[in-house]
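Structural characterization, general
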Amino acid sequence: MLLKEVIYLVQKDFILEWRQKYAFNGMLLYVGSTVFICYLSFSLRFSGLQVPVWNALYWIILLFTAVNAISKSFTQENRGRLLYFYSLVSPQGVILAKIAYNAALMLVLGLLCFFFYAVIIGNPVQDIPMFLVSILLGALGFATSLTLVSGIAAKAANSSALMAVLSFPVIAPMLLMLMKLSKNAIDGLDRSTNLDELAILGAINVIVIATSYILFPFLWRT
Amino acid sequence: MKVEDSKIQISKIRTFEHRKIENTKMKNWWKFVTVALLLYSVTMGFLGEVPRLAILNESIRNLYFHVPMWFGMLAILAVSVVYSIKYLNNPTLRNDIIAKEAANVGILYGILGLLTGMVWARFTWGAWWVNDPKLNGAAIGMLIYFAYLVLRSSFAEQQQRARISAVYNIFAFVTLVPLLFILPRLTDSLHPGNGGNPGFGAYDLDSNMRLIFYPAVLGWIGLGIWILNLRVRLENLKFRFYENA
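Residues numbered from 1 in each chain as written. Chains lettered and ligands numbered in written order. Predicted model: local features only at pLDDT ≥ 70, side-chain atom pairs only at ≥ 80, totals over all residues. Heavy atoms only, no water.

Within an unreviewed UniProt entry, the label attached to chain A reads Heme exporter protein CcmB, and the organism entered is Adhaeribacter terrigena. Recorded under Subcellular location (unreviewed entry), the UniProt text for chain A is reproduced unchanged: "Membrane". Note on chain A: under the UniProt heading Sequence similarities (unreviewed entry), the record states "Belongs to the CcmB/CycW/HelB family." (UniProt positions renumbered as here; feature names shortened; annotations may be inferred.)

Take a look at the structure:
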């Protein structure tokens with residue numbers, strides 16, 4: 001029953017996105033122009049980017065993209081339609097569907113960002129499958145921890161500034177782990193060194209999804 | 001006749017008040033314990049015998065002040081989260097006030113912990129701030145609770161503010177736990193007991209420091225709860241005053 005609801009709601013989000021493409025295209029342009037501005041401001045044609053800087057810059061671009069993309073998830077639908085959903089489906093279905101949809105969106109944006117980044121700035125990654133795994137976990141992690149925060153921020157008066165203030169400290173531990181994981185992938189270290197980080201990222205994701213699942217019903221009543 | 005009546009009335013009131021005072025005296029035993037523990041741990045902390053070690057020297061006494069701040073902060077923030085959960089189950093003004101004031105006292109303890117730690121770091125590690133997972137975790141934890149206060153101030157309506165900030169409080173505490181407990185154990189840290197460094201037990205061979213350290217922890221937690229108690233009573237009075245004004 002819950003699964004059916006979630007699948008239906010995710011489908012609805014995809015259809016909405018497909019009909020009004022400006023949101024997705026906007027995010028795409030955001031990623032592209034941010035990468036290009038980084039390229040210009042580091043004037044990379046003459047000197048290569050060092051690996052730690054490359055890594056940190058990639059995740060910071062992705063973090064800002066995620067905050068911008070996910071903060072829309074509860075504000076883009078109008079009040080009437082939200083009330084209509086609330087009478088049809090359970091709150092747990094809504095939050096799980098939003099997390100799933102945001103994870104898919106962030107995965108696409110993360111991969112495209114990696115593509116632009118590799119083409120324009122250069123690609124020092126030695127273990128590409130491992131780097132793709134870290135993008136996958138990053139997309140999932142951003143989606144899980146930012147979706148509930150965007151629900152909180154959407155209720156407040158000045159939601160776009162609040163979104164950043166509320167989400168940065170919450171996402172910090174995950175971001176540190178992700179940077180470590182992708183740094184190992186760039187340096188092409190043996191994969192067994194990453195087991196700790198993989199386990200912790202998975203555990204943080206599970207904990208955050210469980211808390212969102214429990215807490216969201218209290219949020220949507222208002 | 002009337003005079004006698006009023007006398008009885010007065011004596012009744014007196015016995016009632018007397019009983020009330022007796023009650024509060026019985027209820028306040030833990031405040032005396034707190035004062036005793038703090039007096040003991042502060043005097044013994046400054047005057048007692050400590051192990052003589054290179055680099056640490058006399059600064060080892062900061063163990064009695066710096067570490068209890070973090071224990072106190074975690075205890076008070078745990079109180080805050082418990083009352084946020086209570087608020088979601090049972091939305092009363094009291095639960096909300098306690099959750100908020102506990103977050104305030106937790107921030108106070110966090111700032112004191114950072115300050116005592118910075119002084120200690122200056123004299124043992126050579127810098128006010130070093131890139132250490134525990135320091136960064138503490139700083140991010142402070143950011144979370146500042147964000148909580150900013151979130152609270154962005155709602156005008158009391159019930160909405162209380163419910164939404166309770167949701168954020170619980171969510172933030174859940175993400176704070178891996179930050180403070182798991183990450184420092186994975187990476188290198190300058191703190192004792194992390195990243196291959198020996199724990200404080202190794203410096204404290206005769207366990208004399210424990211005799212002062214544990215009372216200090218209990219005393220500072222007690223003081224935090226006392227501050228919390230006073231602030232909650234003040235907020236309650238303020239609310240009643242403005243409600244009836």
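1. Observations regarding the interface of chain B and chain A
Across the boundary between the two partners, chain B contributes 24 residues, which contact 29 residues of chain A. Taken as a group, R163, V167 and F171 of chain B account for 25% of the area that chain B buries against chain A, more than any other trio of residues on that side. Viewed at the interface, chain A and chain B are joined by 0 salt bridges. For the pair chain B and chain A, the interface holds 2 residue pairs in polar contact (both at pLDDT 80 or more). Breaking the side of chain B that touches chain A down by element, the ones donating at least two residues are α5 (133-153) and α6 (158-186) of chain B. A total of 14 residues in the side of chain B that touches chain A trace back to one element, the largest contributor, which is α6 of chain B. Looking at side-chain class alone, the side of chain B that touches chain A contains 19 nonpolar, 4 polar and 1 charged residues. (Contact = heavy atoms within 4.5 Å. Buried area = accessible area lost by both parts, 1.4 Å probe. Salt bridge = Lys/Arg side-chain N within 4 Å of Asp/Glu carboxyl O. Polar contact = N/O pair within 3.5 Å; in protein donor to acceptor, adjacent residues only side chain to side chain. Helix = DSSP H or I, 4+ residues; strand = E, 2+ residues; numbered from the N terminus. Nonpolar A, V, L, I, M, F, W, Y, C, P; charged D, E, K, R; others polar.)

2. Some details on the packing of helix α3 (residues 63-89) of chain B against helix α7 (residues 208-244) of chain B
All names here are of chain B. One way to put it is that α3 packs onto α7 with a least axis distance of 8 Å and a crossing angle of 40 degrees. With respect to α7, the element α3 is oriented oblique. Along this stretch, α3 crosses α7, giving a crossing that reads as right-handed. Contacts between α3 and α7 involve L63, Y64, F65, V67, P68, M69, F71, G72, A75, I76 and V79 from the former and M209, I212, F213, A216, V217, W220, I221, G224, I225 and L228 from the latter. Looking at the contact of α3 with α7 residue by residue, the classes come out as 19 nonpolar, 2 polar and no charged. (Axes fitted to C-alpha atoms, helices over the stretch in contact; angles between N-to-C directions. Parallel < 35°, antiparallel > 145°, perpendicular 65-115°, else oblique. Left-handed = near helix turned anticlockwise from the far one by under 90°.)

3. Some thoughts on the pattern of salt bridges
In this structure the tally under the stated criterion is 9 salt bridges over all chains. One salt bridge connects E197 of chain A with K180 of chain A, and the closest N-O pair in it is separated by 3.4 Å. Of this pair, E197 of chain A sits in helix α8 (residues 195-220) while K180 of chain A sits in helix α7 (residues 159-187), and the two are 17 residues apart along the sequence. A salt bridge links K100 of chain B to E101 of chain B; its shortest N-O distance comes to 3.6 Å. Residue K100 of chain B is classed as partly exposed on the basis of its relative accessible area, which comes to 23%. By relative accessible area, which is 0% here, E101 of chain B ends up buried. Residues joined by salt bridges that share partners form a network here, namely K100, E101, R231, E235 and K238 of chain B. (Buried < 20%, exposed > 50% of the residue type's maximum accessible area, 1.4 Å probe, protein only.)

4. A short note on the side chain of S150 of chain A
All names here are of chain A. Among the secondary structure elements, S150 is positioned in helix α6 (residues 128-155). Residue classification places S150 among the buried residues on the basis of a relative accessible area of 1%. Apart from the residues lying within four places of it in its own chain, the contact partners of S150 are I70, S71, S73, F74 and M163.

5. A word on the UniProt feature "transmembrane region" (unreviewed entry) in chain A
Residue and element names in this part refer to chain A. On the UniProt side, "transmembrane region" (unreviewed entry) is annotated at positions that read residues 22-44, 56-74, 95-122, 128-149, 161-179 and 199-220 here. End C-alpha to end C-alpha, residues 128-149 measures 31 Å, and it is 100% helix and 0% strand. Overall, residues 161-179 shows 100% helix and 0% strand. The separation of its end C-alpha atoms is 25 Å.

6. Details of the environment of I171 of chain A
By the element assignment, I171 of chain A lies in helix α7. Excluding anything up to four places from it in sequence, I171 of chain A contacts L63, F142, S145 and L146 of chain A.

7. Some thoughts on the nonpolar core
W54, Y58, Y117, F131 and F142 of chain A together with Y145 and Y168 of chain B are the most contacted members of the largest nonpolar core, which has 125 residues in total. In contact with Y117 of chain A, other than residues within four places in its own chain, are V35, L49, W54, L57, Y58, I61 and G122 of chain A. (Core = buried A, V, L, I, M, F, W, Y, C linked by side-chain atoms within 4.5 Å.)

8. A few points about the side chain of S165 of chain B
Among the secondary structure elements, S165 of chain B is positioned in helix α6. Apart from the residues within four sequence positions on either side, S165 of chain B is in contact with Y148, L151 and R152 of chain B.

9. Looking at the state of the cysteines
Residue and element names in this part refer to chain A. As enumerated under the stated definition, the model contains 0 disulfides over all chains in all. Considering cysteine sulfurs only, C113 is the nearest to C38, which forms no disulfide, with 8.8 Å between them. Using a relative accessible area of 11% as the deciding quantity, one classes C38 as buried. For C113, a relative accessible area of 0% gives the class buried. (Disulfide = S-S within 2.5 Å.)

10. Quick word on empty space enclosed by the protein
Residue and element names in this part refer to chain A. Under the counting rule described, the total for this entry stands at 3 cavities of 30 Å³ or more. The space that makes up the largest cavity amounts to roughly 130 Å³. Lining the largest cavity are 12 residues, with E17, A69, K72, Y101 and L105 positioned closest to its centre. Of all the secondary-structure elements, those providing two or more residues to the lining of the largest cavity are α2 (22-42) and α5 (91-120). Broken down by element, the lining of the largest cavity gets its largest block of residues, 4 residues, from α5. Taken together, the residues of the lining of the largest cavity break down into 6 nonpolar, 3 polar and 3 charged. (1 Å grid on protein atoms, 1.4 Å probe; cavity = no way out; pocket = protein on both sides within 12 Å on 5 of 7 lines; lining within 4 Å. Points joined across faces, edges and corners; volume = space filled by probe spheres on them.)

11. Here we look at the packing of aromatic side chains
If you walk through the whole model with that rule in mind, you get 19 aromatic pairs over all chains. Ring geometry for W54 of chain A and Y117 of chain A: centres 4.9 Å apart, planes at 55 degrees, overall tilted. Placement of W54 of chain A in helix α3 (residues 51-70) and of Y117 of chain A in helix α5 is noted, with a sequence separation of 63 residues between them. Note on accessibility: W54 of chain A and Y117 of chain A belong to one class, buried. Seen in terms of ring centroids, Y145 of chain B and Y148 of chain B are 6.4 Å apart; in terms of plane orientation they differ by 65 degrees. Their pairing is edge-to-face. Of the two residues, Y145 of chain B and Y148 of chain B are both situated in helix α5; the distance of 3 residues between them amounts to about one turn of the helix. Summarising the burial analysis for this pair, Y145 of chain B and Y148 of chain B share the class buried. Members of the aromatic cluster, connected to one another through ring pairs, are W54, Y58, W59, F114, Y117, F131 and F142 of chain A. (Phe/Tyr/Trp six-rings, centres within 6.5 Å; stacked < 30°, edge-to-face > 60°.)

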